[in-house]
Each structure stands twice: as C-alpha cells, then as structure tokens.
Amino acid sequence: MENRKRFGVKQDSFQQKTRFHKPAPKQNTDDFVFGVQSVLEVLNSEKDVEKILIQKGFSHDEVETLARERNIGIQRVPVERLNKVTGKNHQGVIAYVSAINYASLSNVIASAFETGRTPIVLILDRITDVRNFGAIARTSEASAVNAIVIPTKGAAQINSDAMKTSSGALTHVPVCRVNELTAAVKELQESGFTVIGCTEKTKDTYFRHDLTGPLAIVMGSEEDGISDELMEKCDMLGKIPMLGKVGSLNVSVACGVLLYETNRQRMSVEG
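Only a predicted model underlies this, so the values are computations on that prediction, with no experimental measurement involved.

What counts and what doesn't
- Residues numbered from 1 in each chain as written.
- Predicted model: local features only at pLDDT ≥ 70, side-chain atom pairs only at ≥ 80, totals over all residues.
- Heavy atoms only, no water.
- Helix = DSSP H or I, 4+ residues; strand = E, 2+ residues; numbered from the N terminus.
- Buried < 20%, exposed > 50% of the residue type's maximum accessible area, 1.4 Å probe, protein only.
- Contact = heavy atoms within 4.5 Å.
- Areas by Shrake-Rupley, 256 points an atom, 1.4 Å probe, with all protein chains shown as cover.
- Patch = residues over 30% accessible without salt bridge, like charges linked within 9 Å, V, L, I, M, F, W, Y side chains within 5 Å.
- Salt bridge = Lys/Arg side-chain N within 4 Å of Asp/Glu carboxyl O.
- Pairing = 2+ DSSP bridges.
- Axes fitted to C-alpha atoms, helices over the stretch in contact; angles between N-to-C directions.
- Phe/Tyr/Trp six-rings, centres within 6.5 Å; stacked < 30°, edge-to-face > 60°.
- Lys NZ or Arg CZ within 6 Å of the ring centre and 35° of its normal.
- Arc of directions from axis to C-beta.

**Focus on the overall build of the protein**
Alright, step 1. Helices and strands together make up the secondary structure of the protein, namely 11 helices and 10 strands.
Alright, step 2. Residues classed as buried in the protein amount to 47% of the 271 residues present.
Alright, step 3. For the protein, the share of sequence-separated contacts (at least 6 apart) that also reach a separation of at least 24 residues comes to 78%.
Alright, step 4. Counting every atom, the protein has about 14,200 Å² of accessible surface; 47% of that belongs to carbon and sulfur.

Here it is as structure tokens:
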C-alpha cells in the first residue's frame, strides 16, 4: 500500500481495474519482474533491461527516472496487456530482463583485431522475431562472428526463447545494443571495416564483392528490409539471387548465406 501511495497509484482505482481478469498464460518468469520494488531493484542492479511496461494512467517517477538514465525504453500500455504477462499483483509496472549482458561496441572492435582473425560484425536492422534472432546468433557463433549489433528500439527481445533457439550461442557471441545503427556503422567504418548491406534493391550479387577484409554485414527485416537511411551509409550492397518462385529467404537463412560466403572467400585467400 505504501508503494502505491508513493508512486501515485490510487488503491481503489487500481483494485477496480485489476481485480477481474483471466489467469495469464504461463511464461518464463526469468524473463520479467513485476511490482514497483522488484523493478526498482533490477534497475539498480547490473542486469540489462530490455524494456519497461507501465500501465496507462499511472506514474512511477523513480522507475521512469532510472529507466531514462539507463536509456531503457518505456511503453505505456492498457492494464489488459500487463495482466496477460502475469496474473499476479504487478502494481502497474513490469520490466523485461535481458538474458545476457550487452557489450560495448568500442570494446568489441578493439578486441576483434586482437584475435588474429579478420573480424566480422553483424548488424541487424528491425529484426524483431525472437526465434529468428536466436537462429542468427547460432549461425553467427558457428561462423566466427565477433559481435551482433542491434538497435535499442525495434529489436527482438533477448529472452529464454532466444537463448534456446540459439542453442547457447548467445553466451559466446557478444551483442551490442546501440541507440542509432547509423552511428554504429560510422564507428565501424572509421575503425577500418567495410560495410555491406544485404538487399534486393541492387543489381550486384553478394558474391561479386570482396569480403576478405574487416567486414560488417547489415541485414534487414523480411517485411521492410534495411532502412533507406542505413542503406545509404553502406559501402556496398549485395543481393542473394532468387532462382525459384519464392521472392525472398528467411532472414536467418540469408544471414547464413552471407556469413559462409565471407568465410569461403577468406579461406580461399588463406589457402
């Protein structure tokens, strides 16, 4: 009760809105925490938080301040959305906790050149499907990708489903979360990386490009592809030729095609 008063939650209206609802479906409780104090604890910890859901009509000043300081996205949602996540007393706030700790892109770039291998970085633009992301991570680990870069907003949540689909690869491949992918591309280019965007909006096929140097590969969503702004920042563009009647590949499969062509070229050069 004290917490409700402290964070501007009126007890009567809160009980009216949350008392009657269907039980929430079972979810992995490792993926989220609920209730004001629990959310504050995770925000004050070293754990990375994907996003925070706050019930419309309520305010939690301390939660929101900490979220802004840590650059964590806040979504204001109807109470029904919160009730679907958990049937317990969420007090109008739920935080989704990442299953991993994110890495710094600058640190990853520095360490990538120290491995003795020519580095590969994968940039994912607006890829929101958790299982696709997990499959991409699995292929990335198998093909020696140094890091996966995703945007703070508009990316798949890295939860237990992603971890399972990746078959544990996400514990080995660093993931960097950045505010702007265009800024990440610029940082990579300034560090000596060539950036190739995988898109059908070009005449060039991907295997006609030299992929043997330090490389960053940009992959877009199956629905929208790479954003125009990001595509303009790429050094070169390449498409995967489609020889059948289907117009495109699943993005995780497309990632595998680009990554293994990159490794094929490098192994050919190395002999």
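Text resumes after the structure shown.
**Overview of a nonpolar patch on the surface**
Alright, step 1. Among the surface-exposed residues, Met242, Val246, Leu249 and Val253 lie close enough to one another that they form a single nonpolar patch of about 310 Å² accessible area.
Alright, step 2. Take methionine 242: its relative accessible area is 31%, and that puts it in the partly exposed class.

**A short note on the sheet that holds strand S1 (residues 32-34)**
Alright, step 1. Ordered in space as S1-S4-S2-S3, the four strands form an open sheet in which the pairing is mixed. Bordering the open sheet on either side are S1 and strand S3 (73-77), each of which pairs with just one other strand. Going from strand to strand, the sheet's axes swing by 20 degrees on average, the running direction of each strand aside.
Alright, step 2. Bridge count between strand S2 (residues 49-55) and S3: five bridges; the pairing is parallel. Pairing of isoleucine 54 across the sheet is with arginine 76, part of S3.
Alright, step 3. Packing of helix H3 (residues 36-43) onto the sheet brings it into contact with S1, S2 and strand S4 (93-97), and relative to S4 it is tilted by some 35 degrees.

**What about the pattern of salt bridges?**
Alright, step 1. Tallying each qualifying case throughout the model produces six salt bridges.
Alright, step 2. In this structure, glutamate 64 and arginine 76 form a salt bridge, with 2.7 Å as the shortest nitrogen-oxygen distance. Highlighted residues: glutamate 64 in helix H4 (residues 61-69) and arginine 76 in strand S3, separated in sequence by 12 residues.
Alright, step 3. Taking the relative accessible area as the measure of exposure, arginine 76 reaches 41% and is therefore partly exposed.
Alright, step 4. Between arginine 131 and aspartate 161 there is a salt bridge whose closest N-O contact spans 4.0 Å. Separated by 30 residues along the polypeptide, arginine 131 in helix H7 (residues 130-142) and aspartate 161 in helix H8 (residues 160-165) bring together distant segments of the chain.
Alright, step 5. On the basis of relative accessibility, which here comes to 53%, the residue arginine 131 falls in the exposed class.

**Regarding the packing of aromatic side chains**
Centre-to-centre distance and the angle between the planes together describe a pair of aromatic rings.
Alright, step 1. Taken as a whole, this structure holds four aromatic pairs when the rule is applied.
Alright, step 2. Note on phenylalanine 32 and phenylalanine 34: the rings are 6.3 Å apart at their centroids and 40 degrees apart in plane angle, and the pair reads as tilted.
Alright, step 3. What makes phenylalanine 34 partly exposed here is its relative accessible area of 25%.
Alright, step 4. Relative to phenylalanine 207, the ring of tyrosine 206 has its centre 5.1 Å away and its plane inclined at 75 degrees; by these criteria the two rings are edge-to-face.
Alright, step 5. Owing to a relative accessible area of 11%, tyrosine 206 belongs among the buried residues under this scheme.
Alright, step 6. An aromatic cluster is defined as three or more aromatic residues linked by ring pairs; in this entry it consists of Phe32, Phe34 and Tyr96.
Alright, step 7. For lysine 51, the ring lying beneath its charged end belongs to tyrosine 96, and the centroid distance is 5.2 Å.

**With respect to H3**
Alright, step 1. Val36, Val39, Leu40, Val42 and Leu43 are the residues of H3 that are buried. Axial view of H3: buried residues confined to an arc of 165 degrees, hence all on one face.
Alright, step 2. Contacts from the buried residues of H3 go to S1, S2, H4 and S4.

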